[in-house]
Structure formats: C-alpha cells, structure tokens
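Here's the letter readout for the chains.
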Amino acid sequence: MDLTEEAVLDHYMARFDERTRRAHTVALAGAIATAKDRWPTLELVRRVSAIYGVAVEELGAFFGLIRQPGDREVWVDVFRSPDNQHLVRDTMNAGQRRAYGTMLAMLEVA
C-alpha cells in the first residue's frame, strides 16, 4: 500500500475526534512559537491535554512522548532520542500506538 497525504489525512480524520485533533494542532502551534526545536515538550503536552480534556498519554504519543506503564511516572522521548525506541515498542497502549503511528505516517508523507 502506498502511503499518501490523502490516505494519512483520511485516517487522521476518521480515528481521532475533533477535540483530540484540536489539541494536537494547538500543541504543534504552541511548540512552534515557544520551543527551540519547534517540537512539543511534555510540559506543553500536559497543559494542552488538560485544557482540551484529552488523554495526555495519547496526545504525547503524537510527538514521540511515550509514558511507560506502571505506578511510577516515566516518559520516554523517542523523537528527540530515537535510540530509545526499543524501550517502548511493547509497552504502548492502543491509543499511544495509534497516535504514534499516525505521527510517523505524517512525517513520512510530509
């Protein structure tokens, strides 16, 4: 299957509700305006997820910020540290996998 912008956009629109899409857009815009590398930080993702009432784990995964399961809060940033991808492959929940995979597809067709 060829990955096209249209196919990725169709997937994005079908799989994520409007509130999640808005939070995703706001986090990106906020990062462009405030972050040196123009990519959302965990702090920004936390603020935006609270404002829009979306799961921080799913919103974070759009940006390669993967929360590890367990009682202790541990996050892995696989965008800024791609060598750490092996730490999260088998630990993501369904929402994280969907958001992270969508982000990778978007980057592929961009």
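Each chain carries its own residue numbering, running from 1 in the written order of its sequence. Thresholds applied to this predicted model are a pLDDT of at least 70 for local features of residues and 80 or more for the giving and counting of side-chain atom pairs; totals over whole chains, interfaces and linings are not thresholded and use all residues. Values shown for side chains rest on all heavy atoms present in the structure; no hydrogens or waters enter the calculation.

(A) Geometry of the pattern of salt bridges. The term salt bridge refers to a pairing of a side-chain nitrogen on Lys or Arg with a carboxyl oxygen on Asp or Glu at a separation within 4 Å. For the structure shown, the criterion picks out 7 salt bridges. Across the pair Arg46 and Glu73 runs a salt bridge, and its minimum N-O distance is 2.9 Å. Of the two residues, Arg46 sits in helix H3 (residues 42–52) while Glu73 sits in the loop between strand S1 (65–67) and strand S2 (75–77), which places them 27 residues apart along the sequence. The residue Glu58 makes a salt bridge to Arg98 at a minimum N-O spacing of 3.6 Å. Of this pair, Glu58 sits in helix H4 (residues 56–61) while Arg98 sits in helix H5 (residues 94–109), and the two are 40 residues apart along the sequence. Per-residue accessibility, obtained with a 1.4 Å probe over protein chains only, is compared with the maximum for each type, and a residue is labelled buried under 20%, exposed over 50%, and partly exposed between these values. With a relative accessible area of 25%, Arg98 lands in the partly exposed category. A network of salt bridges, in which partner residues are shared, links Asp37, Asp77 and Arg80. For the purposes of this entry, the term helix denotes a DSSP run of H or I that reaches at least four residues, the term strand denotes a run of E that reaches at least two, and both are numbered from the N terminus.

(B) Main features of the side chain of Gln96. Assignment of secondary structure puts Gln96 in helix H5. For Gln96, a relative accessible area of 2% gives the class buried. Only heavy atoms enter the contact rule, under which two residues are in contact if any of them lie within 4.5 Å. Look past the residues within four positions of Gln96 in its chain and what remains in contact with it is Glu57, Ala61, Ile66, Arg67 and Thr91.

(C) Layout of the environment of Asp17. Along the chain, Asp17 falls in the loop between helix H1 (5–15) and helix H2 (18–34). The class of Asp17 is partly exposed, set by a relative accessible area of 42%. C-alpha separation for the pair Asp17 and Val54, spaced 37 residues apart in sequence, amounts to 9.9 Å.

(D) Fine view of the environment of Arg21. Structurally, the position occupied by Arg21 is in helix H2. The class of Arg21 is buried, set by a relative accessible area of 17%. Sequence-wise, Arg21 and Val88 are 67 residues apart; in three dimensions their C-alpha atoms are separated by 23 Å. The contacts of Arg21, once residues within four sequence positions are left out, are Tyr12, Met13 and Phe16.

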